[in-house]
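Structural features, examined
Below are the chains, spelled out letter by letter.
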Amino acid sequence: MKLCLIFLLTLCLYAGHDGKKEHHINKDLTYLQLTSEQNEALKKTLKKFQHEIEEFREFKAKINAQKQALFLEESLDIEALSKLNQELYEKAAKEEGKVLWRLHDVLTKEQRAQFIRYFEEWEIR
């Protein structure tokens, strides 16, 4: 009886496990099995993205410095703080939209379906 329970417990632990260990690197697109043309197009896109994300980080640092300065004031100007947050949100949404548009343009319908599995990696924060 104990042997049967151990067997059933082991079977339950491995149920739904296909034996593949998934190791995914952030922003890795190799699982999409890209063509050479797609690879070249995405290299260009990712270089642009890298440059744009650096600019966004600088913008975000400036906004954060302004928010900190506002917080150190005698009274907190909520409207100014909201305006800074809105600027940051709009810039992030714009940059995210650009990179997703470029990726969408290069990927096939099937590849886009696979891509959405790691969609959150491409959010700009």
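The structure we're discussing is the one just above.
What counts, and at which threshold
- Residues numbered from 1 in each chain as written.
- Predicted model: local features only at pLDDT ≥ 70, side-chain atom pairs only at ≥ 80, totals over all residues.
- Heavy atoms only, no water.
- Helix = DSSP H or I, 4+ residues; strand = E, 2+ residues; numbered from the N terminus.
- Buried < 20%, exposed > 50% of the residue type's maximum accessible area, 1.4 Å probe, protein only.
- Contact = heavy atoms within 4.5 Å.
- Areas by Shrake-Rupley, 256 points an atom, 1.4 Å probe, with all protein chains shown as cover.
- Patch = residues over 30% accessible without salt bridge, like charges linked within 9 Å, V, L, I, M, F, W, Y side chains within 5 Å.
- Salt bridge = Lys/Arg side-chain N within 4 Å of Asp/Glu carboxyl O.

This part takes up the overall build of the protein. Summing up its helical and strand segments, the protein has four helices and zero strands in all. A buried classification covers 24% of the 125 residues belonging to the protein. Counting contacts in the protein only where the partners sit at least 6 residues apart, residues at least 24 apart contribute 72% of the total. Per element, the accessible surface of the protein, about 10,200 Å² overall, is 57% carbon and sulfur.

Attention shifts here to a nonpolar patch on the surface. A cluster of nonpolar side chains, Phe71, Leu72, Leu76 and Ile78, forms an exposed patch at the surface whose accessible area comes to about 470 Å². Within the secondary structure, leucine 76 sits in the loop between helix H2 (36-72) and helix H3 (78-106).

Bringing the side chain of glutamine 38 into the picture now. Relative to the helices and strands, glutamine 38 is located in helix H2. Leave out the neighbours within four places in its chain, and glutamine 38 touches Gln33, Val106, Leu107, Thr108 and Gln111.

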